[in-house]
Amino acid sequence: MIPILDSKRQYATIGEEVEKEVLEVLRSGQYILGKHNKALEQESADFIGVKHTVCLNSGTDALHLALRALDIGAGDEVISTAFTFVATAEAIGIVGAKPVFVDINADTFNIDPAKIENAITPKTKAIIPVHLYGQPADMDMILDIAKRHNLYVIEDACQAIGALYKGKMVGSFGDIGCFSFYPTKNLGAMGDGGLLTTNSDVIKDRVIALRNHGGAIRYHHDEIGVNSRLDEVQAAILRVKLKHINEWNKKRRENAYRYNELFAKCPDIVTPKELDDTYCVYHQYTVKIPNRDNIHKMLQEKGIGAMLYYPIPLHMQKVHEYLGMGKGSLPITEKNTEVVISLPMFPELTKEEQQTVADTLIECVEKSKALV
Ligand SMILES: *Cc1c(COP(=O)(O)O)cnc(C)c1O
């Protein structure tokens, strides 16, 4: 059995240090918004290359509070992609705004900037590009469109911590960047967690208030907020792990290139493309194959932990029925939904395991072709 992700292997390398830090927090009596939150905010701001970060309870909250901090709500429209995890669009819905889905680029799986301008209306307030699978979106074009139309840019960098676009880290381009520390992400907590990045003092102060019941001063509440604090145990764990993220991302890339070589002899397997001048961090290693659903079943039977991210595009989810975007409205998104499959990918994955995954997938592709 080769899992898509094995968190235990990573824990084996850092567990001792994590346990020491966690124990210290437990004994300190300081569990909320303490010294580890402060330190993580400083260290992650330095790492990502932004003025401020704010620790939050999840990536979903980062997206939600980003929209709140920019006063986006009922009557507004926000442009994003339907080829992502539901939380991207959910955040837009939570604040009462309307998601406007634009089709993707078939090579990168990210929002196609050439299709954004057609979707802009007088109600459009922001664009949320997603750096899906750890691959940076085409930020130059997105930022240019946003500037010309006076729109905010919120980067959904939940899958892409440490990824670079033209030498700069994702999450540092837009007005706000959003990160998730969900355990399966490249930088995962041991529970839920999230982070918001910004270069604006005003946005930072607003989010600090919003995450703690809408008030910067205790028991003074200026607006409706939420409870979205990151606990000190998670902040302490994340500080230990942040020191390793570059090395872990580098290993993911090496694994991705090894897969690319292993699949080179099988033209039916389309390996991931990278935009020029980007440093992808391969949150997922996602290929396109024919007869995907059959092959997915075959892989599962053979103990290969392949997954479908994501089996139903967001415009075709029941929750978005009200938008009236049926089948056929985002053809490239829909087509890719039917052919993508993500393979085991994590820093500690061995060469032997990759060889097994590749041999098995190639064998399944050949077999399924013979059946057709
Ligand atoms: C994980 C993820 C989120 C949500 O993050 P949570 O921490 O699980 O709330 C949002 N967007 C994308 C693209 C994600 O992968």
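Bear in mind the structure is a predicted one, so any value in this text is a computation, not a measurement. (Residues numbered from 1 in each chain as written. Predicted model: local features only at pLDDT ≥ 70, side-chain atom pairs only at ≥ 80, totals over all residues. Heavy atoms only, no water.)

Q: I'd like a description of the packing of helix H3 (residues 59–69) against helix H4 (residues 87–94), backed by residues and values.
A: Relative orientation of the contacting elements H3 and H4 amounts to 40°, with a least axis distance of 8 Å. Relative to H4, the element H3 is oriented oblique. In this structure, the crossing between H3 and H4 has a hand that is right-handed. Contacts between H3 and H4 involve Thr60, Leu63, His64 and Leu67 from the first element and Ala87, Thr88, Glu90, Ala91, Ile92 and Ile94 from the second. Each residue belonging to the contact of H3 with H4 can be placed in one class, and the counts come to 6 nonpolar, 3 polar and 1 charged. (Axes fitted to C-alpha atoms, helices over the stretch in contact; angles between N-to-C directions. Helix = DSSP H or I, 4+ residues; strand = E, 2+ residues; numbered from the N terminus. Parallel < 35°, antiparallel > 145°, perpendicular 65-115°, else oblique. Left-handed = near helix turned anticlockwise from the far one by under 90°. Contact = heavy atoms within 4.5 Å. Nonpolar A, V, L, I, M, F, W, Y, C, P; charged D, E, K, R; others polar.)

Q: Quick one: what's the story with the site of the ligand, residue by residue and with numbers?
A: Residues in contact with the ligand amount to 16 residues; listed here are only the nearest, Gly59, Thr60, Asp156, Ser180 and Lys185. Separating a nitrogen atom of the ligand from a side-chain N or O atom of Asp156 is a distance of 2.8 Å. Within the complex, the protein chains bury 93% of what would otherwise be the 380 Å² of accessible surface of the ligand. Going through the elements one at a time, H3 and H4 are the ones with two or more residues in the shell around the ligand. With 3 residues, H3 is the largest single contributor of residues to the shell around the ligand. Taken together, the residues of the shell around the ligand break down into 6 nonpolar, 8 polar and 2 charged. (Near = heavy atom within 4 Å. Polar contact = N/O pair within 3.5 Å; in protein donor to acceptor, adjacent residues only side chain to side chain. Areas by Shrake-Rupley, 256 points an atom, 1.4 Å probe, with all protein chains shown as cover.)

Q: Outline the packing of aromatic side chains, supporting the account with residue identities and numerical values.
A: All told, the structure shown has 11 aromatic pairs when counted by the stated rule. Plain terms: the ring middles of Phe109 and Tyr133 are 5.2 Å apart, the flat faces sit at 75° to each other, and that makes the pair edge-to-face. Of this pair, Phe109 sits in the loop between strand S3 (98–102) and strand S4 (124–127) while Tyr133 sits in the loop between S4 and helix H5 (139–149), and the two are 24 residues apart along the sequence. Comparing Phe109 with Tyr133, the two get one shared label, buried. Through successive ring pairs, a cluster of aromatic residues spans Tyr257, Tyr259, Phe263, Tyr282 and Tyr285. Over the ring of Phe173 we find Lys168; its NZ or CZ atom is 4.6 Å from the centre of that ring. (Phe/Tyr/Trp six-rings, centres within 6.5 Å; stacked < 30°, edge-to-face > 60°. Buried < 20%, exposed > 50% of the residue type's maximum accessible area, 1.4 Å probe, protein only. Lys NZ or Arg CZ within 6 Å of the ring centre and 35° of its normal.)

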